[in-house]
Amino acid sequence: MNICGYYPESINEGEGLRAALFISGCRHYCKGCFSPATWNFLYGEPFTPEREQEIIRDIAGNPLLSGVSILGGDPFFSAAEVSAFLDRLREAAGAISAWIYSGYTFEELTRDAKSPEYGLLSRCQVLVDGRYVDELRDPSLLYRGSSNQRLIDIPASLSQRGIVEWRPTFSF
Amino acid sequence: MAMMNPVYTSRQDMLDEVITLGEEIVASSNLEVLRENANLNGESFSGKMSKFGSEYAKWYANHFVMPKPLVQAIQDNIVYVHDLDQYAIGTTNCIFIPFDKLLREGFNTGNGSVRPPNSIMTAMALVAIIFQSQQNAQYGGVSANKLDHDLAPYVTKSFVKYFRKGLDYFEEGDSAADYGLITMARSDLQAQYPRAFKYAVKETESETLQAAESLIHNLNTMSSRAGGQIPFTSINYGTCTSIEGQLVISSLLAATMRGLGSGETPIFPIQIFKCKQGVNQQPGEPNYELFLKAAECSAKRLYPNFANLDAPLNLMYYDPANPDTEFATMGCRTRVLSDRFGRNHLSGKGNLSFNTLNLVKLGLEHGIALGLRQTADEQGFYRELEHYMDIALDGLLHRFRIQSSQKAKASDFMMREGVWEGGEQLNPEDTVGELLKHGSLSIGFIGLAECMKAMYGKHHGEDADVYKKAYNLIAFMRDYCDRQSERHNLNITLFATPAEGLSGKFTKRDRADYGEIPGVVDREYYTNSFHIPVYYNISAAKKIELEAPFHGLCNAGAISYIELNGSARSNPAAFLRIIQYALSQQVSYFSINHPIDRCSGCGYEGIIGASCPSCNASEQDVHIRRLRRVTGYLTGDFQTRFNAAKQAEVRDRLKHST
Ligand code: SF4
């Protein structure tokens, strides 16, 4: 697995200050995609164990972080590896909230409870879902690009078997 | 007249210099002179007029007034005398204004006398007038250290008026009867006269909001000093827990968020929210909601900043019964709380003047950066540091004597109306020295980071040992100030200088003398005070942790900033977390910088790259106004109003979230 970006602190990819990790590779090919270069699974740098350790140490040692955000590409094309990363991260740093971005919808990701995609989804707290639709682009939206995309509270949605939208803790 | 500092060989040289000074101003040909102060439009008529005065006043002070060693130290590029144009005439720097007293007793601006106000609307209008009147009596900032406490009584006055009117209007009671002390907290009145009470609450709320809006508009549009400048105003608030005081706070925040005329971000006043455990820091505390609202406002408008009343150096003077003992700041960071003569409160005094040391040059002379030695010559460094601190201090004391010998009539509003505590008791011909001793004389410094680079090859963000050395250096300076306070029996304090006009001046000269030295003199500016350089990649938490201990040393004031890249307004959680973390680390005064761009085409406000994300207009076609903070003050458009050094600093700022 390759990564194509890592920001140790960001306010743009989810609530609070979050570490943002971008996983290379995407097969959704949305029209107007913000960065088609990330479609390539070999784009960026290899996610070596050393690099992973470095990032885990970074996150564990930063008292200001509210969690981690995983983006892409689309991390769900590397679901098993990303799940393994999250497990190792939590082993080292405790219960850390994870936001995850995908071109798939919640419904698509939950079709098969035994799939690696479902496994990854269930490890995260908030899903920003759906492809990017250029015609629905809206720069005023919180944490996403087009209005078809949703911010979904994953644990609540899984337990209630229906979409529960995520609500900000503070609303300005 | 005797020339104290003759540096000329001939009168012709002197004449040439005076003529060139004038020519450059008339032709607007020296941009660095014009933009020295981001808040002054040096190309306007009034700006040029004041430049004529100030440039010549500086020239005069240099040649005829200042002690010779000080002039030499300035020429050596190690000491900088701030507001040199005011040196010879003995003006003072800044002040916290006792608004409570002025409003309660009424005052005279010199052009007319003013009665105590009977409503919050009038009270806020008078706040603007008082700021403006005082601004003309000094050269630095004017600040309200507890505006919520000061204005709450006038909210009550408005409320009483509306309540009595409501009693008549709704025929609920006798408007002239005695109801005891009527306040917004009187739930018994609310139960007994529900309609009159409700009406009075509604009217009072809307009047207070309108008053706040007009105050903020006034403070952004009024002029002082012959029209050349907007008064440098700061307002502190956040701890008043009466319903009236809370209304003042929430109205100021609401008005700030609404913005000016077409919704743009107000440049003034600098606003500071005072944070105190037990008052506004945790859910359930009386003003916690207001703290959240302050964070929201800051995420949208860059103000308010946050003052930490729980930091040890502030907490030691805190008396919960007296809001005048709560730490507040002149927006640029100046702090005047303690007083060896007992006035350990804020209003009615201020800073008298400050001189700043260029630590970088001392570092270059004694460090390894020039390649002349293997290890830093620390002994030589400290010897010279102390030598120049002596000179800087002598300059302050010399200036203080000039200030002290001024007559009360020279400082007009400040003394005659008792803005400076006790001034009202002086006769116009009395000198002001006995009163001024309550103010502070401060020694400042800039470029700690580059100094460390020059001495040891690394700055204090890069290396734990260097950090210790950096800390010890500033502790040494503080210790010096404390010792000199005892010796001279004056309030001598250490200042983390905000270096607007200065940041590039030292650098330019040093570059001319030493050339470009990597990591030391390779940018257009030196790093502000003890800050970790803006171009250094470091996490926000780490920056806060490293800078916090310096706040405890700088008793004349300091600020720490975190740079955020991204739309802070949409992520309050991040904003709150960072603020509260900084407070928990004992940072005394804190703020978060984030870019605010405004598209003049569609009015979109947020982050704008080469084209507006909302209307798609490109930067070439519409004007994008880019608001940034410079040394504590906001500046309308950093590309046209900053000096070159500050523009470079803004470009170099490394965001903690990129
Ligand atoms: S899902 Fe995201 S990365 Fe993939 S094509 Fe769409 S916009 Fe681009």
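Refer to the structure above for everything that follows.
In what follows, the accompanying structure is described. (Residues numbered from 1 in each chain as written. Chains lettered and ligands numbered in written order. Predicted model: local features only at pLDDT ≥ 70, side-chain atom pairs only at ≥ 80, totals over all residues. Heavy atoms only, no water.)

So, the overall build of chain A
Part 1: Looking only at helices and strands, one finds 5 helices and 7 strands in chain A.
Part 2: The linear arrangement of helices and strands in chain A, starting from the amino end, is β-β-β-α-β-α-β-α-α-β-β-α.
Part 3: In terms of overall dimensions, chain A is globule-like: its C-alpha atoms have a radius of gyration of 15 Å, near the 16 Å expected for 172 residues.
Part 4: Projected onto its principal axes, the C-alpha positions of chain A cover 40 × 35 × 35 Å. (Helix = DSSP H or I, 4+ residues; strand = E, 2+ residues; numbered from the N terminus. Rg over C-alpha atoms; globule rule 2.2 N^0.38 Å.)

With respect to the packing of aromatic side chains
All names here are of chain B.
Part 1: Within the structure shown, the criterion is met by 36 aromatic pairs over all chains.
Part 2: Between the aromatic rings of Phe-159 and Phe-163, the centroid separation amounts to 6.3 Å while the plane-to-plane angle is 15°, which identifies the pairing as stacked. Note that Phe-159 and Phe-163 are positioned in helix α7 (residues 147–169) at a spacing of 4 residues, about one turn of the helix. Of the two residues, Phe-159 and Phe-163, neither departs from the other in class, the shared state being buried.
Part 3: An angle of 85° between the planes, with centres 5.5 Å apart, marks the rings of Tyr-179 and Tyr-193 as edge-to-face. With Tyr-179 in the loop between α7 and α8 (187–192) and Tyr-193 in the loop between α8 and α9 (194–221), this residue pair connects regions lying 14 residues apart in the sequence.
Part 4: Connected via pairs of aromatic rings, a cluster forms that spans Phe-159, Phe-163, Tyr-179, Tyr-193 and Phe-197.
Part 5: If you follow Arg-523 out to its NZ or CZ, it ends over the ring of Tyr-535, 3.3 Å from the centre. (Phe/Tyr/Trp six-rings, centres within 6.5 Å; stacked < 30°, edge-to-face > 60°. Buried < 20%, exposed > 50% of the residue type's maximum accessible area, 1.4 Å probe, protein only. Lys NZ or Arg CZ within 6 Å of the ring centre and 35° of its normal.)

Points about the interface of chain B and chain A
It is common to give the size of an interface as the accessible area lost on bringing the parts into contact.
Part 1: In this complex, chain B contributes 33 residues to the contact, which on the side of chain A involves 21 residues.
Part 2: In this assembly, chain B packs against chain A so that about 2100 Å² is buried in total across both faces, 64% of it on carbon and sulfur atoms.
Part 3: Inspection of the chain B/chain A interface yields 0 salt bridges.
Part 4: For the pair chain B and chain A, the number of links is 6 residue pairs in polar contact (both at pLDDT 80 or more).
Part 5: Sorting the residues of the side of chain B that touches chain A by element identifies α11 (288–301), α20 (540–553) and α21 (572–584) of chain B as the ones contributing at least two each.
Part 6: With 7 residues, the top contributor of residues to the side of chain B that touches chain A is α21(B).
Part 7: Looking at side-chain class alone, the side of chain B that touches chain A contains 17 nonpolar, 11 polar and 5 charged residues. (Contact = heavy atoms within 4.5 Å. Buried area = accessible area lost by both parts, 1.4 Å probe. Salt bridge = Lys/Arg side-chain N within 4 Å of Asp/Glu carboxyl O. Polar contact = N/O pair within 3.5 Å; in protein donor to acceptor, adjacent residues only side chain to side chain. Nonpolar A, V, L, I, M, F, W, Y, C, P; charged D, E, K, R; others polar.)

Structural notes on the environment of B:Asp148
Part 1: In this fold, B:Asp148 is placed in helix α7.
Part 2: Beyond its immediate chain neighbours, meaning those up to four positions away, B:Asp148 contacts B:Asn236, B:Tyr237, B:Gly238, B:Thr239, B:Cys240, B:Gly245, B:Val248 and B:Ile249.

A few points about the sheet that holds strand β7 (residues 270–275) of chain B
Residues and elements named next belong to chain B.
Part 1: Strand order in the open sheet formed by 7 strands is β2-β5-β6-β7-β8-β13-β12, and the pairing between neighbours is mixed. Edge positions in the open sheet fall to β2 (95–96) and β12 (560–563), since each of these has one partner strand only.
Part 2: As defined by bridge partners, strand β5 (residues 142–144) adjoins strand β6 (residues 233–237) across 3 bridges and the pair is classed as parallel. When the sheet's bridge partners are listed, Val-142 is paired in β6 with Thr-233.
Part 3: Against the sheet, α21 engages β7, β8 (305–308), β12 and β13 (589–593), with an angle of about 155° to β13. (Pairing = 2+ DSSP bridges. Axes fitted to C-alpha atoms, helices over the stretch in contact; angles between N-to-C directions.)

Some remarks on the site of the ligand
Part 1: In the vicinity of the ligand, the contacting residues are A:Cys26, A:His28, A:Tyr29, A:Cys30, A:Cys33, A:Trp39, A:Gly73, A:Gly103 and A:Tyr132.
Part 2: Within the shell around the ligand, the residues separate by chemical class into 6 nonpolar, 3 polar and no charged. (Near = heavy atom within 4 Å.)

Quick notes on the nonpolar core
All names here are of chain B.
Part 1: Leu-151, Leu-385, Leu-473, Ile-474 and Met-477 are the most contacted members of the largest nonpolar core, which totals 179 residues.
Part 2: Looking at this core element by element, the count peaks at 11 residues for helix α14 (residues 378–404).
Part 3: For Met-477, the residues in contact, after removing those within four places along its chain, are Leu-357, Leu-359, Leu-385, Met-389, Ile-443, Phe-445 and Leu-494.
Part 4: Listed in part, the 16 residues of the second largest apolar core include Tyr-303, Ala-307, Ile-559 and Tyr-589. (Core = buried A, V, L, I, M, F, W, Y, C linked by side-chain atoms within 4.5 Å.)

Things to note about the pattern of salt bridges
Part 1: According to the stated counting rule, one finds 35 salt bridges over all chains in the structure shown.
Part 2: Residue B:Asp412 is joined to B:Arg416 by a salt bridge in which the shortest nitrogen-to-oxygen separation is 3.0 Å. In this pair, B:Asp412 and B:Arg416 are both assigned in helix α15 (residues 412–416), 4 residues apart and thus about one turn of the helix distant.
Part 3: A relative accessible area of 36% places B:Asp412 in the partly exposed class.
Part 4: The network of salt bridges with common partners includes A:Glu45, A:Arg51 and A:Glu54.

With respect to the packing of helix α10 (residues 243–258) of chain B against α11(B)
All names here are of chain B.
Part 1: Running from N to C, α10 and α11 cross one another at 20°; their axes reach a closest spacing of 9 Å. Taken as axis vectors, α10 and α11 run roughly parallel relative to one another. You can see that α10 and α11 cross each other, and the crossing is left-handed. Across the interface between the two elements, Gln-246, Ile-249, Ser-250, Leu-253, Ala-254, Thr-256, Met-257 and Arg-258 of α10 pack against Leu-290, Lys-293, Ala-294, Glu-296, Cys-297, Lys-300 and Arg-301 of α11.
Part 2: Residue composition of the contact of α10 with α11, grouped by class: 7 nonpolar, 3 polar and 5 charged. (Parallel < 35°, antiparallel > 145°, perpendicular 65-115°, else oblique. Left-handed = near helix turned anticlockwise from the far one by under 90°.)

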